[in-house]
Amino acid sequence: SNWSSTFVINKGSSSGVELYDSVITESEALVGQIIEVGATTSVVRTVVDAETSIGALIDRTGISGVASGEFTLMGENRLKLSFLPSGSDLINGDTVLTSGKGEVFPQDLVIGTIVSTQKEESGLNWYGIISPAVDLSKLTQVFVIKEYKLPEE
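Residues numbered from 1 in each chain as written. Predicted model: local features only at pLDDT ≥ 70, side-chain atom pairs only at ≥ 80, totals over all residues. Heavy atoms only, no water.

Colleague: What is the right way to read the overall build of the protein chain from this model?
Modeller: Counting secondary structure elements, the protein chain contains one helix and 11 strands. Order of helices (α) and strands (β) in the protein chain, N terminus to C terminus: β-β-β-β-β-β-α-β-β-β-β-β. Referenced to the eigenvectors of the C-alpha coordinate spread, the extents of the protein chain come out at roughly 50 × 45 × 25 Å. Every one of the 153 residues in the protein chain was classed for burial, and the buried ones make up 39%. When contacts within the protein chain are restricted to residue pairs at least 6 apart in sequence, long-range pairs at least 24 apart make up 54% of them. (Helix = DSSP H or I, 4+ residues; strand = E, 2+ residues; numbered from the N terminus. Buried < 20%, exposed > 50% of the residue type's maximum accessible area, 1.4 Å probe, protein only. Contact = heavy atoms within 4.5 Å.)

Colleague: So what exactly am I meant to see when it comes to the pairing of strand β4 (residues 42-46) here?
Modeller: When a strand is regular, its side chains alternate between the sheet's two faces. Extensive coverage of β4 is indicated by the burial of four of its five residues. Alignment of strand β1 (residues 6-9) against β4, held across four bridges, turns out to be antiparallel. When the sheet's bridge partners are listed, I9 is paired in β4 with S42. Pairing geometry for strand β3 (residues 30-37) and β4, over five bridges, is antiparallel. What sits directly across from I34, in β4, is V44. Once β3 ends, the chain turns through four residues before running back antiparallel as β4. (Pairing = 2+ DSSP bridges.)

Colleague: What am I meant to see in unusual backbone geometry here?
Modeller: Apart from glycine, the bulk of residues carry a negative phi angle, and the bulk of peptide bonds sit in the trans form. The phi dihedral of Y20 falls on the positive side, at around 75°, and the residue is not glycine. Among the secondary structure elements, Y20 is positioned in the loop between β1 and β2 (22-24). Its identity as a non-glycine residue notwithstanding, F83 has a phi of 60°, on the positive side. Its location among the elements puts F83 in the loop between β7 (79-82) and β8 (95-98).

Colleague: Is there a simple way to think about the sheet that holds β1 in this case?
Modeller: Hydrogen bonds along the backbone pair up the strands of a sheet, which may run parallel or antiparallel. Strand order in the open sheet made by the five strands is β1-β4-β3-β2-β11, with antiparallel pairing throughout. Looking at which strands have only one partner, the edges of the open sheet turn out to be β1 and β11 (143-145). Pairs of neighbouring strands in the sheet enclose a mean axial angle of 40°, with direction left out of account. In the sheet, β2 pairs with β3 via three bridges, with the strands oriented antiparallel. Along β3, the bridge assignment pairs S22 with Q33. (Axes fitted to C-alpha atoms, helices over the stretch in contact; angles between N-to-C directions.)

Worth remembering: the numbers are spatial, not functional.
Right under this line is the structure:
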């Protein structure tokens, strides 16, 4: 819709799907996250949805930031990389990965690539525009993954 970017998959709790599981493609590109679970279906919030926020890092430099959906970019199938340290080295074509920080998404999933860099309205900080690694309009198959966690002692 104009207000969100979600879709429904035909697997739910009867198949082991749980709330907040990550959804990827066969090439480990991040599609999004499970936000609703029924017995036989689930709703996936995509990476470009305005409610999405992902701990991210630039593969080339290790610089970390936050990749987030933004209403103004959603229609262009883009998201924003912000909260970068000042003086960050960010260039078009840089690959953006999940950082694994916050334990929301597993580490090293491909979010997308930087397609442009821009200055914040304040003029003080730069941010990147990310093109997702996934063409969300052409998805036919996705995988729901769970990050393995060691049992607590």
